[in-house]
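One letter stands for each residue in the lines below.
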Amino acid sequence: MEAIPGPSTARKRRRDEENVPESEDYDEALSLEQSLTFSDTLVALRIMRAQFPQIEKSLRRDKVLRIFKLNTGQDDHAIMFMDDYLNQIERVIKRMAAKKQDELAVFEWFKTHVITSKLEPSIEHQELCSLLSFGGNVKDEHISLLINAGLLTRQLIDPNMYWFAIPNIGSLLKGLSQGRKELLSFLNRRRYREMMLAPLEKKRLRLSPLDMRFHLRDLIGSGHVKTVHTPTGLVVRVSKD
């Protein structure tokens, strides 16, 4: 039977979570082998955010996280801290204001009435307009402005549906896609299509700005590679087709 933590254990866990650093020092001190599994989702996400370039349900419901559908694969999603997402929106507003763009009020409507109410990765056109209307009179130009700002993308199979999007993520998605191919190609060229984890995680990819450990977790999570315990340490191996 699983033990239920007592009050002192819970307090210690809260203190440990509060003291998780998000600096590069912490990033460098934590190897992938130590961090392949986590006992706390929030701690895991903080660690992965520390390794990401600067540029689960309960957490989403509490508006700590937001989930986005990515165009890099059918099952690809991004998980983003809500405070990071709101900061991205603020940067968009400043950029649009610098261009003397009209109708900037729609961004406040979007922040106040849409993203706090609609937690799913997509939204239907009528529901979007309905939520925005709590802020003011919605025009077609407002929707176009949100799309041009990178906050919404139309779904190809249904133009009346939108994906919520992360502004200025294009270069990172390109790096994600190219890094996957580069890492898989590297492993496939090796004998037995495998490599020890310790030297592999120190390698740098030419075509991606993302950390090698990010790509390893990505490919492990998608099932393209797996880790195997050996007497000399963890081995990363390409999964069989």
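Residues numbered from 1 in each chain as written. Predicted model: local features only at pLDDT ≥ 70, side-chain atom pairs only at ≥ 80, totals over all residues. Heavy atoms only, no water.

Here is the rule: UniProt positions are given in the numbering used here, feature names are shortened, and annotations may be inferred rather than shown by experiment.
In the nomenclature of an unreviewed UniProt entry, the protein chain is known as Serine/threonine-protein kinase 19 of Vitis rotundifolia. Quoted verbatim from the Sequence similarities (unreviewed entry) field of the UniProt record, the comment on the protein chain reads "Belongs to the STK19 family."

Description of the overall build of the protein chain
Note the following rule: Numbered from the N terminus, helices here are DSSP runs of H or I no shorter than four residues, and strands are runs of E no shorter than two. For every residue, the accessible area (1.4 Å probe, protein chains only) is compared with the maximum for its type, and the residue is labelled buried under 20%, exposed over 50%, or partly exposed between those bounds. Note on areas: Shrake-Rupley, 1.4 Å probe, and residue coverage restricted to the protein chains presented here.
When you go through the protein chain residue by residue, the secondary structure sums to 12 helices and eight strands. By the burial criterion, 39% of the 241 residues in the protein chain qualify as buried. As displayed, the protein chain has an accessible area near 14800 Å², and 50% of this comes from carbon and sulfur atoms.

Some details on the sheet that holds strand 6 (residues 194-196)
Quick reminder of the rule: In this scheme, strands are said to pair when DSSP sees at least two bridges between them. Axes here refer to lines fitted to C-alpha atoms; in helices the fit is confined to the stretch in contact. Angles between the N-to-C directions go from 0 to 180 degrees.
Spatially, the three strands line up as an open sheet ordered 6-8-7, and their pairing is antiparallel. A single partner strand is all that each edge strand has here, and the edge strands are strand 6 and strand 7 (225-230). Between one strand axis and the next, the sheet turns through 25° on average, direction left out of account.

Let's talk about the environment of Asp 75
You can see Asp 75 is positioned in the loop between strand 1 (65-69) and strand 2 (77-81). Accessibility expressed as a relative area gives 66% for Asp 75, which makes it exposed. Sequence separation of Asp 75 and Ser 222 is 147 residues, and the distance between their C-alpha atoms is 8.7 Å.

Some remarks on the sheet that holds strand 3 (residues 122-124)
Note the cut-off: Whether two residues touch is decided by their heavy atoms; if any such pair falls within 4.5 Å, the residues are in contact.
Pairing within the open sheet is antiparallel, and its three strands lie in the order 3-5-4. Of all strands in the sheet, those bounded by a partner on one side alone are strand 3 and strand 4 (152-154). When strand polarity is set aside, the average angle formed by the axes of neighbouring strands in this sheet is 35°. Along the sheet face, helix 8 (residues 125-132) touches strand 3, strand 4 and strand 5 (161-164) and points at about 85° away from the line of strand 3.

Regarding the packing of helix 6 (residues 82-98) against helix 7 (residues 105-114)
When two helices pack together, their arrangement is given by the angle between the helix axes and the distance between those axes. For the record, the criterion: In this scheme, roughly parallel covers angles under 35 degrees and roughly antiparallel covers those over 145, while 65 to 115 is roughly perpendicular and the rest are oblique. Throughout, the ten residues Ala, Val, Leu, Ile, Met, Phe, Trp, Tyr, Cys and Pro are labelled nonpolar, Asp, Glu, Lys and Arg are labelled charged, and all others, Gly among them, are labelled polar.
One way to put it is that helix 6 packs onto helix 7 with a least axis distance of 10 Å and a crossing angle of 170°. For the element pair helix 6 / helix 7, the angle class is roughly antiparallel. Taken together, the residues of helix 7 that come into contact with helix 6 (itself represented by Tyr 85, Leu 86, Ile 89, Glu 90, Val 92, Ile 93 and Met 96) are Phe 107, Glu 108, Phe 110 and Lys 111. A breakdown of the residues in the contact of helix 6 with helix 7 according to their chemical character gives eight nonpolar, no polar and three charged.

Describing the pattern of salt bridges
Our working rule: What makes a salt bridge here is a side-chain nitrogen of Lys or Arg within 4 Å of a carboxyl oxygen of Asp or Glu, nothing more.
The full count for this structure, using the stated rule, is nine salt bridges. Note that Lys 139 is salt-bridged to Glu 103, the shortest N-O span being 3.4 Å. Here the residue Lys 139 occupies a position in the loop between helix 8 and helix 9 (140-148), and Glu 103 occupies one in the loop between helix 6 and helix 7, the gap between them amounting to 36 residues. Beyond isolated ion pairs, a larger network of salt bridges with shared partners links Asp 76, Arg 180 and Asp 218.

A closer look at the nonpolar core
The condition is simple: Only buried residues count toward a nonpolar core, which is a set of Ala, Val, Leu, Ile, Met, Phe, Trp, Tyr and Cys residues joined through side-chain atoms within 4.5 Å.
Of all hydrophobic cores here, the largest spans 35 residues; its most connected members are Tyr 85, Phe 107, Phe 110 and Leu 132. Counting only elements with at least two residues in this core, the list comes to strand 2, helix 6, helix 7, helix 8, helix 9, strand 5 and helix 10 (170-188). In terms of residue count, helix 6 provides more of this core than any other element does, six residues in total. With near-sequence residues (within four places) excluded, Leu 132 lies in contact with Val 106, Trp 109, Phe 110, Val 114, Val 138, Ile 143 and Leu 146. In this structure, Phe 186, Leu 187, Leu 197 and Met 212 belong to the second largest nonpolar core, which totals 15 residues.

Considerations on unusual backbone geometry
We note that Tyr 192 has phi near 65°; this positive angle belongs to a residue other than glycine. Take Tyr 192: it is sitting in the loop between helix 10 and strand 6.

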